[in-house]
Amino acid sequence: MARTARTVQITFDCADPAGLAEFWAGALGYRLQDPPPGYASWDAALDALGVPPERRNDASAVVDPDGAGPRLFFQRVPEGKGAKNRVHVDVRAAPGLTGVARMSALEAAAARLVAVGATRVARFEPAPPLEPGHLVMTDPEGNEFCLD
């Protein structure tokens, strides 16, 4: 049987889809998804669809400008985050680096993300051969992610 590769989308339940989309676009070098064909802006598309202003932050999405990474979709939910994520995003902030150079690159990435709303949670030092070192962070709504 032939295998078919699947594309994936990562979905975040959240309180502020536009705000979280902005954070993750900056963290990953993504951009806001374009409006549907035929519309110059999301406001024009949402006007045409009859979406009232108070519902315009119910969902948002960001995409990799090169088309290589997964689409991130953010949907408003009424409940807040209750427990640790069972699945999380690893942001590859220091690929190919080891030791002090790796941890310095991770610290620089963490400082940039803290400045735009992330929170630093923990630092895990390198412990060769299996643990290269990483930082645990949370996004502005408390979703855990790692800088590795």
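Residue positions within a chain follow its written sequence, with the count starting from 1. In view of the model being predicted, local features appear only for residues whose pLDDT reaches at least 70, and side-chain atom pairs are presented and counted only at 80 or more, with totals across whole chains, interfaces and linings using the full set of residues. Note that water and hydrogens are dropped before the side-chain values are worked out from all heavy atoms of the structure.

Asks: Tell me about the packing of aromatic side chains, and please be specific about residues and values.
Replies: Here a Phe, Tyr or Trp ring, Trp counted by its six-membered ring, pairs with any other such ring whose centre lies within 6.5 Å, and the pair is stacked when the planes are under 30 degrees apart, edge-to-face when over 60, and tilted otherwise. The final tally for this structure, using the stated rule, is five aromatic pairs. Each ring, one from Phe23 and one from Trp24, has its centre 5.4 Å from the other, and the planes form 90°; the classification is edge-to-face. In this scheme, a residue with accessible area under 20% of its type's maximum is buried, one over 50% is exposed, and one in between is partly exposed, where area comes from a 1.4 Å probe on protein chains only. Under the relative-accessibility criterion, Trp24 is labelled buried at 1%. Ring geometry for Trp24 and Phe145: centres 5.0 Å apart, planes at 70°, overall edge-to-face. Of this pair, Trp24 sits in helix α1 (residues 17-28) while Phe145 is found in strand β8 (residues 144-147), placing the two residues 121 residues apart along the sequence. The two residues Trp24 and Phe145 agree in class, both being buried. Elements are defined by DSSP. Helices are runs of H or I of four residues or more, strands are runs of E of two residues or more, and each kind is numbered from the N terminus.

Asks: So what's going on with the environment of Leu28? Which residues, and what values?
Replies: You can see Leu28 is positioned in helix α1. For the pair Leu28 and Ala93, spaced 65 residues apart in the sequence, the C-alpha separation amounts to 9.4 Å. Note on definitions: a residue-residue contact is assigned when non-hydrogen atoms from the two residues lie within 4.5 Å. Setting aside its immediate chain neighbours within four residues, Leu28 contacts Leu72 and Val91.

Asks: I'd like a rundown of the sheet that holds strand β7 (residues 134-138), residues and numbers included.
Replies: Strands qualify as paired when DSSP identifies two bridges or more between them. If you walk across this open sheet you meet the four strands as β5-β8-β7-β6, and the pairing is mixed. Edge positions in the sheet fall to β5 (89-91) and β6 (119-124), since each has one partner strand and no second. If you compare each strand with its neighbour and ignore which way they point, the axes differ by 25° on average. Pairing of β7 with β8, which is carried by four bridges, proceeds in the antiparallel orientation. Bridging from a neighbouring strand, Leu135 pairs with Leu147 of β8. Sheet strands touched by α1: β5 and β8. Its angle to β5, the strand with the most contacts, is close to 40°. Axis definition: a line fit to C-alpha positions, over the contact stretch in the case of helices; interaxial angles, taken between N-to-C directions, run 0 to 180 degrees. Of the strands in this sheet, β6, β7 and β8 touch helix α3 (residues 99-114), which is tilted by about 10° from β7.

Asks: Could you give an account of the confidence of the model for the protein, naming the residues involved and the relevant values?
Replies: Summing up the model confidence of the protein, the mean pLDDT is 93 and the portion of residues at 70 or higher is 99%. Confidence scores differ between elements of the protein, with β5 showing the lowest mean pLDDT of 93 and strand β2 (residues 31-32) the highest of 98. Every residue gets a pLDDT, meaning the predictor's confidence in that residue, from 0 to 100.

Asks: Got a sec to walk through the state of the cysteines? Specific residues and values, please.
Replies: The disulfide definition used here is simple: a pair of cysteine sulfur atoms within 2.5 Å. One pass over the full model with this rule turns up zero disulfides. The cysteine Cys14 is free of any disulfide, with Cys146 supplying the nearest cysteine sulfur at 20 Å. Judged by relative accessible area, Cys14 falls into the buried class, the value being 2%. Taking relative accessible area as the criterion, Cys146 reaches 10% and is therefore assigned buried.

Asks: Give a detailed account of the sheet that holds strand β4 (residues 71-76), specifying residues and quantitative values.
Replies: If you trace the four strands from one edge of the open sheet to the other, you get β1-β4-β3-β2, paired in mixed fashion. Either end of the sheet is taken by a strand with one partner, and the two such strands are β1 (9-14) and β2.

Asks: I'd like a rundown of unusual backbone geometry, residues and numbers included.
Replies: In this model, Pro128 is joined to Pro129 through a cis peptide bond whose omega is 10°. With respect to the helices and strands, Pro129 occurs in the loop between β6 and β7.

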